[in-house]
Amino acid sequence: MLEQKNNSDQVLNTVRSIVYHLNYVNWVKMTQKMMALPINNVKLLDDITNIIFDRALKRQNYTHIYAQMCTRLINDSKFNNLIATDTEITFQKVLLKKCHDVFYSNYQEELNKLKDTMKNDNMVPKKCLSGVLNNFLFNFQKRSICNCRFIGELFKNGAFPEKYILKCIGDLGKEKNDNNYELQMHCLCIILQSVGLILSKTSYDLNKNINKLVSSMENHGMSSTLKCLIKKLKIMNSKGWMDEEPVKFAGTNYNAYRDLPPHMQMVYRVRSKKIMSDWAYDESHDHRLNVVNNYKIEVRSNIPPKL
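Just so we're clear, the structure is a prediction, and the values are computed from it rather than from any experiment.

Rules and cut-offs
- Residues numbered from 1 in each chain as written.
- Predicted model: local features only at pLDDT ≥ 70, side-chain atom pairs only at ≥ 80, totals over all residues.
- Heavy atoms only, no water.
- Helix = DSSP H or I, 4+ residues; strand = E, 2+ residues; numbered from the N terminus.
- Buried < 20%, exposed > 50% of the residue type's maximum accessible area, 1.4 Å probe, protein only.
- Contact = heavy atoms within 4.5 Å.
- Areas by Shrake-Rupley, 256 points an atom, 1.4 Å probe, with all protein chains shown as cover.
- Axes fitted to C-alpha atoms, helices over the stretch in contact; angles between N-to-C directions.
- Parallel < 35°, antiparallel > 145°, perpendicular 65-115°, else oblique.
- Nonpolar A, V, L, I, M, F, W, Y, C, P; charged D, E, K, R; others polar.
- Salt bridge = Lys/Arg side-chain N within 4 Å of Asp/Glu carboxyl O.
- Core = buried A, V, L, I, M, F, W, Y, C linked by side-chain atoms within 4.5 Å.

Asker: Is there a simple way to explain the overall build of the protein in this structure?
Answerer: For the protein, the helix and strand inventory stands at 13 helices and 0 strands. Counting from the amino terminus, the protein carries its helices and strands in the arrangement α-α-α-α-α-α-α-α-α-α-α-α-α. Taken over 307 residues, the protein has a buried fraction of 42%. A separation of at least 24 residues holds for 71% of the contacts in the protein among residues at least 6 apart in sequence. Summed over its atoms, the accessible surface of the protein is roughly 17,900 Å², and 53% of this surface lies on carbon and sulfur atoms.

Asker: Sorry, what's going on with the packing of helix α4 (residues 63-75) against helix α6 (residues 91-103) here?
Answerer: The angle between the axes and the distance between the axes are what describe a pair of packed helices. The interhelical angle for the contact between α4 and α6, taken along N-to-C directions, is 140°, at an axis separation of 9 Å. When the axis of α4 is compared with that of α6, the two are oblique. Residues Cys 70, Leu 73 and Ile 74 of α4 lie in contact with α6, whose contacting residues are Phe 91, Gln 92 and Leu 95. Split into classes, the residues belonging to the contact of α4 with α6 amount to 5 nonpolar, 1 polar and no charged.

Asker: Can you help me understand the pattern of salt bridges in this one?
Answerer: Side-chain pairing between opposite charges can occur once the charged atoms of the two side chains come close. Tallied over the full model, the rule gives 7 salt bridges. In this structure, the salt-bridge partner of Asp 47 is Lys 43, at a minimum N-O distance of 2.7 Å. Remark: Lys 43 and Asp 47 occur in helix α3 (residues 42-58); sequence separation between them is 4 residues, near one turn of the helix. A relative accessible area of 19% means that Asp 47 is categorised as buried. Glu 153 is the partner of Lys 156 in a salt bridge, and the nearest nitrogen-oxygen pair spans 3.6 Å. Taken together, the residues span about one helical turn, with Lys 156 and Glu 153 both in helix α8 (residues 125-156) at a distance of 3 residues.

Asker: How do you make sense of the nonpolar core when you look at a structure like this?
Answerer: The nonpolar side chains of a soluble globular protein tend to be buried with one another. Grouped together as the largest cluster of nonpolar side chains are 78 residues, with contacts concentrated most on Met 34, Ile 52 and Phe 150. Those residues in contact with Phe 150 that lie beyond four places of it in its chain are Phe 53, Ala 56, Leu 57, Thr 63, Tyr 66, Ala 67, Cys 70, Leu 95 and Cys 99.

Asker: What should I look at first to understand the side chain of Glu 153 in this one?
Answerer: By relative accessible area, Glu 153 is classed as buried at 13%. Residues within four places of Glu 153 in sequence aside, it is in contact with Thr 63, His 64, Ala 67 and Ser 194.

None of the figures reported here should be taken as evidence of function without further support.
In structure tokens, the structure reads:
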């Protein structure tokens, strides 16, 4: 058992070395090195996929390189057959599950988990929440956008099924009245920019999505960055989907919130202050309800019994 664990640790260390040093020049050689690894159990495959996936989302400028490597791993029968033959688990299924989980991660649920953690740690909101919330907003948006870019690149390489990409586009196109509407629209733009050329050659009607994005520009709260991206998509659609670099979402070229220029940090600070004010209101409201309920209980307990 100890020997098996040591072998797994060696494999994972090799995987980390491969994905951390992957670049435009060595990706083919590194992919071949990955294919030669002895993967003989599902747990090890899941750990390897985690390392590849997390690194792909953190290095957004190399997303297409990681997608090409993943495509070769998916198409390599030897790599997938190293696992026991009595299971239907494959590298592609594990990878798509991770893409799915990030794509459908709920912003409010993640925020509530963070709030609960902060409460359990007895942290003072005014002194501690601001920085934590800024980082949370930055990381959530960055991860969501990079995941959509990764999904689009996988689809372009034939590693992401068409029915799933169409479902992603359809779900992003649904209107949601929350604070993440702009992020949702930006993710839709990122996917369309990646897969538009391929989908334009099918029976799928891209005009519906483009027209909806264009009409959403009437939202006065929409950032100029997103408006610019929507305009580019409109032009690409009219000219047969030229291959252009996407407009960068504020923060996607930075690895951490603290690295952002001051004018970009302000976007997250404003959002975090609103969250803190909402949080304070909710807590005060709950406190008032508890006081009222306790008062009612005390009053009822002092009522003399009916004769």
